[in-house]
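Overview (structure and organization)
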Amino acid sequence: MIQSNLRQVLARSAEHAPWSDAARRDSVFIAAGVPLGLPVLLALLEPRSFWLLAVLSVGCLDLLTTAQRSRLRSLRGVEVPGRLPADAGWAARLRAGFTWRQAAYHLLVAPAQSLLGGALLGLWGAGLVLATVFGWAWLMPPGSPLRSGFGWSVTNGWITGAGLLLLLFMPWLTAGFAALELWAARALLGPNRAEVLERRVEDLAESRAGVVDAADAERRRIERDLHDGAQQRLVALAMNLGLARRTLRDIPPEAMQVIIEAHEEAQAAIDELRDLVRGLHPVVLEDRGLDAALSGIAARSPVPVRLSVDLPRRISPTVEAVAYFTVSEALTNAAKHAKASRVDLSLRQSADRLHITITDDGIGGADTARGTGLIGLRRRAASVDGTLSITSPRGGPTTITMELPCEL
């Protein structure tokens, strides 16, 4: 156990040795940041030119920020994302606090980094000079205490020891300063937590819209494949069986009965496949739009439907599909569970929103907490950033109101 701990201590010490790669990387990282804050630091030291250099620094915030991010990326492998898009205007930057946080970094943190970073580099040089005093003491002028005894003196020994101790301590100090500077850069040059979450929400909204579009495109593909492939084969099979049923007269009754049953089964399969294809993605929805597709649903509904549509233009195909299937399921629920004798269906387009209202005169009592079908309607609307509300008191009527965006 003691040996294991000793090895860990030695390994940790080796990582922070003056000749280690970590110490060299931290030193180079700090040295690269010294020139970037030097103009403001000089302005602070010279009050007469402070405001001029401060104004120039603020005017070059984006350029300085780009340089700092490049330093972080190339020397530390840390990517500090921008808080706003590159084409964002000054009004958006000021409103988001973008300029002020950048200014706080470049007018406060960068000058301090220049001053302290230069001091750290100076300490590195001092440690190196002190640790090698025996090598250069003979260069001192005659009579210097450092040159007495050709440099081999007790004073030089103490100086060498102090230099070695300073060199051993410097990697730890350099690593701590580099970590502090990295934290400040991430906090002031990058987005804060609220902006990260906002950007994440935007990315999720875009990815969700892509998933919804992909699912709708996949439904269209399956519908097309079934319509052009399996359905055509079943139709050809039914035609051949029908032809055999009408023309073959001299076969046993048992064989004719098999042909008749096969013909009827093929026709039933065609009807089921047509319903399935219509449920996946009706062709009329893609060819003629939502108005014609909903007219077909209303005509096939077992409950009379009074349809009112006011759509001056076509909306997004994905939103059309969501509206179609939602209305279709709502009408099916009204026919199955509401015991309604009439349904009013209204669609109107207002600005960039599609408003759908479905009202039936049934018994009411619809509850989204107990009906999975109603939950499915709400989830379907939410998949495209829409909303759905249901009002269904006992005794009726039931009103379903849905709002969908016209474009994703």
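Residues numbered from 1 in each chain as written. Predicted model: local features only at pLDDT ≥ 70, side-chain atom pairs only at ≥ 80, totals over all residues. Heavy atoms only, no water.

**Notes on the packing of aromatic side chains**
For any pair of aromatic rings, the description rests on two quantities: the centre-to-centre distance and the angle between the ring planes. This model, assessed by the stated rule, comprises 1 aromatic pair. Aromatic pair Tyr324 and Phe325: ring centres 5.2 Å apart, planes at 80 degrees, arrangement edge-to-face. Residue classification places Phe325 among the buried residues on the basis of a relative accessible area of 10%. The ring of Phe29 carries Arg71 above its face, with NZ or CZ at 4.4 Å from the centroid. Over the aromatic face of Phe29 sits the side chain of Arg76, whose NZ or CZ is 5.2 Å from the ring centroid. (Phe/Tyr/Trp six-rings, centres within 6.5 Å; stacked < 30°, edge-to-face > 60°. Buried < 20%, exposed > 50% of the residue type's maximum accessible area, 1.4 Å probe, protein only. Lys NZ or Arg CZ within 6 Å of the ring centre and 35° of its normal.)

**What to know about a nonpolar patch on the surface**
A surface patch of nonpolar side chains, about 290 Å² in accessible area, is lined by Leu38, Leu42 and Leu45. Relative to the helices and strands, Leu42 is located in helix 2 (residues 21-45). According to the relative accessible area criterion, Leu42 is partly exposed, its value standing at 45%. (Patch = residues over 30% accessible without salt bridge, like charges linked within 9 Å, V, L, I, M, F, W, Y side chains within 5 Å. Areas by Shrake-Rupley, 256 points an atom, 1.4 Å probe, with all protein chains shown as cover. Salt bridge = Lys/Arg side-chain N within 4 Å of Asp/Glu carboxyl O. Helix = DSSP H or I, 4+ residues; strand = E, 2+ residues; numbered from the N terminus.)

**Regarding the packing of helix 2 against helix 4 (residues 61-76)**
At a minimum axis separation of 10 Å, helix 2 and helix 4 run at an interaxial angle of 170 degrees. By the criterion of interaxial angle, the relationship of helix 2 to helix 4 is roughly antiparallel. Every residue of helix 4 that contacts helix 2 at Asp26, Val28, Phe29, Ala32, Gly33 and Leu36 is listed here: Leu64, Ala67, Gln68, Arg71, Leu72, Leu75 and Arg76. A breakdown of the residues in the contact of helix 2 with helix 4 according to their chemical character gives 8 nonpolar, 2 polar and 3 charged. (Axes fitted to C-alpha atoms, helices over the stretch in contact; angles between N-to-C directions. Parallel < 35°, antiparallel > 145°, perpendicular 65-115°, else oblique. Contact = heavy atoms within 4.5 Å. Nonpolar A, V, L, I, M, F, W, Y, C, P; charged D, E, K, R; others polar.)

**Concerning the environment of Gly176**
Take Gly176: it is sitting in helix 8 (residues 154-189). C-alpha of Gly176 to C-alpha of Asp26: the two residues are 150 residues apart in sequence and 9.3 Å apart in space.

**A look at the UniProt feature "transmembrane region" (unreviewed entry) in the protein chain**
Per the UniProt record, the feature "transmembrane region" (unreviewed entry) sits at residues 27-44, 50-67, 115-138 and 158-183. For residues 27-44, helix accounts for 100% and strand for 0%, while the C-alpha atoms at its two ends are 25 Å apart. End-to-end, the C-alpha atoms of residues 158-183 are 38 Å apart, and along that stretch the chain is 100% helix and 0% strand. (UniProt positions renumbered as here; feature names shortened; annotations may be inferred.)

**Considerations on the environment of Ala338**
For Ala338, the position within the fold is in the loop between helix 13 (317-336) and strand 2 (343-350). Linking Ala338 and Asp360, residues 22 residues apart in sequence, is a C-alpha distance of 7.8 Å. What Ala338 contacts, discounting residues up to four positions off in sequence, is Asn333, Asp360, Gly362 and Ile363.

**Observations concerning the sheet that holds strand 2**
On the basis of which strands lie adjacent, the open sheet formed by 5 strands has the order 1-2-3-5-4 and mixed pairing. At either margin of the open sheet sits one strand with a lone partner, and together these are strand 1 (305-310) and strand 4 (387-391). When the angles between neighbouring strand axes are averaged without regard to direction, this sheet yields 10 degrees. Across 8 bridges, the pairing between strand 2 and strand 3 (residues 353-360) is antiparallel. Paired with Asp344 across the bridge in strand 3 is Thr359. Across the face of the sheet, helix 12 (residues 290-300) comes into contact with strand 1, strand 2 and strand 3 while running at roughly 175 degrees to strand 1. (Pairing = 2+ DSSP bridges.)

**Here's the deal with a negative patch on the surface**
A cluster of like negative charges, contributed by Glu261, Glu264, Glu265, Asp271 and Glu272, occupies part of the molecular surface. Among the secondary structure elements, Asp271 is positioned in helix 10 (residues 253-280). Taking the relative accessible area as the measure of exposure, Asp271 reaches 43% and is therefore partly exposed. (Lys, Arg positive; Asp, Glu negative; His and termini not counted. Charge placed at Lys NZ, Arg CZ, Asp CG, Glu CD.)

**Comments concerning the side chain of Ser114**
Within the element layout of this structure, Ser114 appears in helix 6 (residues 98-131). Those residues within four positions of Ser114 in sequence are excluded, and the remaining contacts are Gly33, Val34, Pro35, Gly37, Leu38 and Leu41.

**A short note on the nonpolar core**
Generally speaking, nonpolar side chains in soluble globular proteins are found buried as a group. Membership of the largest hydrophobic core comes to 34 residues, with the highest contact counts inside it found for Leu290, Tyr324, Leu354, Ile356, Ile358 and Leu404. It is helix 13 that contributes the most residues to this core, 10 residues altogether. Grouped together as the second largest cluster of nonpolar side chains are 18 residues, Ala23, Val80, Ala131 and Ala184 included. (Core = buried A, V, L, I, M, F, W, Y, C linked by side-chain atoms within 4.5 Å.)

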